[in-house]
Amino acid sequence: MDLRIRSFEEYQKAYQYSVEQPEDFWGDIAGNFVWKKKWDKVLDWNFKEPKIKWFEGGKLNITENCLDRHLEERGDEPAIIWESNDPDEHHRVLTYKNLHQKVCLFANVLKNNGAKKGDRICIYMPMIPELAIAVLACARIGAIHSVIFGGFSAQSIADRIQDAQCNIVVTADGSFRGTKEVGLKNVMDDALVQCPSVQKVIVLTRSRTPVSMIKGRDVWWIDEIHKAETLGQVDCPAEEMDAEDPLFILYTSGSTGKPKGVVHTCGGYMVYTGYTFQNVFQYNSGDVYFCTADIGWITGHSYIVYGPLSQGAATLMFEGIPTWPDAGRFWDIVDKFKVNILYTAPTAIRSLMQHGLSFVEGKDLSSLRVLGSVGEPINEEAWHWFNEQIGKKKCPIVDTWWQTENGGILISPLAGITPTKPCYATLPLPGVQPVLVDEKGEILEGNNVTGNLCIKFPWPGMLRTTYGDHERCRTTYFATYENMYFTGDGCLRDEDGYYRITGRVDDVINVSGHRIGTAEVENAINMFTDVIESAVVGYPHDIKGQGLYAYVVLSKEARDVELTKKDIAATVSRLIGPIARPDKIQFVYGLPKTRSGKIMRRILRKIAEGEINNLGDTSTLLDPAVVDEIKNNRL
Ligand code: WT7
């Protein structure tokens, strides 16, 4: 069976087949990939433990699917097109042949530096082709990559490296983003003070930021490449991996504690990202595809690297930011490379929309055929602007809903096939069985219902565990409702059976499409010397979707209120990263708590949203007077 769906009827047929005979369906789809040995069993599962195994007994290497298998047919066609942060720096094009060579060479560099199958390798790099090369080189030798977004602080990096016990780090001297230069290696050095497991650090030169290279531990990327070349190590056979061997770990925040290491495995993830990439975006051979995400997030893993490359696509990687040198940068890139498919985030759309149409005018956007959105609910205004000003009403918008834990897109239109509706992710992809449940866990049947979104059957791209702590995986995703994967999102199913995601129902805040756990931010705020306690909630933010509103109780009057707020924000930035910086900090005398000491976040959320006359029942509060004080001093 060809994996590509070409009409709505075909979608309906595929969907029905996938629900009635899931194993046959996914077995057929998996037949479109290269396996070193075919699987014995398509699926073995229970959501109780949970145990999820796809394509058991199958042997493969994902890089053979992303690289080797394309060499004959499209070896000289672009695999990665790279645009620098600096519009005056020449762009780069890596053909499938080039990429294959570079991945093999760097895979040998990793081996020369002690890397083995199953090792965890931390990658902390700018958005340059070498990041994708490092990722694929790990996959080539069967090492498990853990990519950390370039905006995370030393402490966050250290937490992640320790959790995964990484033995090798791949980084760069620094990165460019707009006018900013971030000294990645220096941040990494601060992290490594706490990471005795790390034996080797491979450092690429990008920004020429001065760095300290530690003898015996740190080596230059370029020197190691030269060594491997001198040794004639140009070839690197792809390690034979079990379908269920881990491919990578990616950390994501939840409502409690430290970020969890979501684990994805080789076989299912490969099949799922390739299948969804083809179908959601309706990629045609020769198209230029541009996903604006960073490879530090799951969108970049699945839809810059693995999904597009397994399908032989030309994937465009952009190092910079949408607003530099001006707010027309995305449109310049579309124009320059004749981009056909553009996949971006509502926060970027809203920010560019705010800068006005002058940055769109005069740019040739006629190459665009498909537009995509991901990361958070897209508001109606942004949807229409994207549709009219960018797509010129000719490009279907695919509003793709999914999560780090899902591996790939779960609910989305298929471009040009599924009739769209503004703000709706529309229908589940084949193989995905969503259900809405109420607070008690009762399944809500029929249409026109709102509830908590769960998935009742496994799909190949789903997480298998959280690294080093399977019990946490169970309690977070599989224990809330019996026999279901719980997403943490609220959702509406309308009269047509279309799905609209309404946002998180837990204590996770979606800031600019990035998940921030309230507990994590509170812990960071509480580290500040004069803070007794704090509570962080989300509030509507014009550009970011949601902003962070922090209520903070100090142990004594602030010496200088504004300066203390800045100090607290700086503390959070240092401990987690700039993305977790609170947008608003309000000093309060006390937090609204129940008699059992639980903070009533519902009230704090309402105040942050400005709904102060509608706070609901406050009678169970220990001290209702604190609410008036908070209300009166609201920011
Ligand atoms: C959360 C997952 C994997 C995508 C990048 C974010 C929200 C994501 C949509 C959408 C409404 C969306 C959900 C989800 N979300 N896409 N199209 N419409 N909400 O990945 O950091 O794992 O966050 O992002 O709330 O649970 P993530």
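Criteria and thresholds
Residues numbered from 1 in each chain as written. Predicted model: local features only at pLDDT ≥ 70, side-chain atom pairs only at ≥ 80, totals over all residues. Heavy atoms only, no water. UniProt positions renumbered as here; feature names shortened; annotations may be inferred. Pairing = 2+ DSSP bridges. Helix = DSSP H or I, 4+ residues; strand = E, 2+ residues; numbered from the N terminus. Axes fitted to C-alpha atoms, helices over the stretch in contact; angles between N-to-C directions. Contact = heavy atoms within 4.5 Å. Near = heavy atom within 4 Å. Polar contact = N/O pair within 3.5 Å; in protein donor to acceptor, adjacent residues only side chain to side chain. Areas by Shrake-Rupley, 256 points an atom, 1.4 Å probe, with all protein chains shown as cover. Nonpolar A, V, L, I, M, F, W, Y, C, P; charged D, E, K, R; others polar. Domains from an automatic or database assignment. 1 Å grid on protein atoms, 1.4 Å probe; cavity = no way out; pocket = protein on both sides within 12 Å on 5 of 7 lines; lining within 4 Å. Points joined across faces, edges and corners; volume = space filled by probe spheres on them. Buried < 20%, exposed > 50% of the residue type's maximum accessible area, 1.4 Å probe, protein only. Salt bridge = Lys/Arg side-chain N within 4 Å of Asp/Glu carboxyl O.

In the nomenclature of an unreviewed UniProt entry, the protein corresponds to Acetate--CoA ligase from the organism Pseudopedobacter beijingensis. Checking UniProt for the protein, the heading Sequence similarities (unreviewed entry) contains the comment "Belongs to the ATP-dependent AMP-binding enzyme family."

Trainee: It is not clear to me how the sheet that holds strand 20 (residues 397-400) should be interpreted in this structure. Could you clarify?
Mentor: Strand pairing in a sheet relies on backbone hydrogen bonds, with the paired strands running either antiparallel or parallel. Across the sheet, 7 strands lie side by side as 5-4-17-16-18-19-20; this open sheet has mixed pairing. The sheet is open, and its two edges are formed by strand 5 (92-95) and strand 20, each paired on a single side. The mean inter-strand angle of the sheet, taken between neighbouring strand axes irrespective of direction, is 20°. Where strand 4 (residues 78-83) and strand 5 come together, 4 bridges link them in antiparallel fashion. Directly across from Ile 81, in strand 5, lies its bridge partner Val 93. Packing against the sheet, helix 4 (residues 96-112) makes contact with strand 4 and strand 5, and its axis sits at approximately 80° to strand 5.

Trainee: Where do I start with the site of the ligand in this structure?
Mentor: Around the ligand there are 18 residues in total, and Asp 399, Thr 404, Asp 489, Arg 504 and Arg 515 lie nearest to it. With respect to the ligand, the side chain of Arg 504 contributes an N or O atom lying 2.8 Å from an oxygen atom. Contact with the protein chains removes 96% of the 560 Å² of surface that the ligand exposes when unbound. If you list the elements that add at least two residues to the shell around the ligand, you get helix 10 (298-310), strand 20 and strand 25 (499-504). Counted by class, the shell around the ligand contains 6 nonpolar, 7 polar and 5 charged residues. Here the shell around the ligand gathers at least three residues from each of two domains, domain 1 (66-406) and domain 2 (508-632).

Trainee: Please clarify how empty space enclosed by the protein should be interpreted in this entry.
Mentor: Rolled over the atoms, a probe as big as a water molecule pinpoints where empty space is left. Counted by the stated rule, this structure contains 2 cavities of 30 Å³ or more. Every residue along the wall of the largest cavity is listed here: Phe 152, Arg 160, Ser 253, Arg 515, Ile 516, Glu 520, Ile 576, Ile 579 and Ala 580. Of the residues assigned to the lining of the largest cavity, the class counts are 5 nonpolar, 1 polar and 3 charged. Taken as a whole, the second largest cavity holds about 30 Å³ of empty space. Lining the second largest cavity, in full, are Phe 330, Trp 331, Thr 344, Ala 348, Ile 349, Leu 352, Trp 385 and Phe 386.

Trainee: Mind showing me how you'd approach the pairing of strand 17 (residues 314-318) here?
Mentor: The side chains of a regular strand alternate between both faces of the sheet. Judged by how many residues are buried, strand 17 sits mostly within the fold: 5 of 5 residues are covered. Residue alternation in strand 17 divides its side chains into two sets, Ala 314, Leu 316 and Phe 318 and Thr 315 and Met 317, and both sets are buried. Direction of pairing for strand 4 relative to strand 17: parallel, over a ladder of 4 bridges. Counted as the bridge partner of Glu 83 is Phe 318 from strand 17. Note that strand 16 (residues 288-291) and strand 17 share 3 bridges and pair parallel. Pairing of Phe 290 across the sheet is with Leu 316, part of strand 17.

Trainee: How should the pattern of salt bridges be read in this particular structure?
Mentor: One side chain can pair with another of opposite charge once the charged atoms of both are near each other. Following the criterion strictly, the structure yields 42 salt bridges and no others. Salt-bridge contacts for Glu 73 lead to Arg 74; the nearest nitrogen and oxygen are separated by 3.8 Å. Salt-bridge contacts for Glu 471 lead to Arg 474; the nearest nitrogen and oxygen are separated by 2.8 Å. Placement of both Glu 471 and Arg 474 in helix 14 (residues 470-478) is noted, with a separation of 3 residues, approximately one turn of the helix. Classification of Glu 471 as partly exposed rests on a relative accessible area of 43%.

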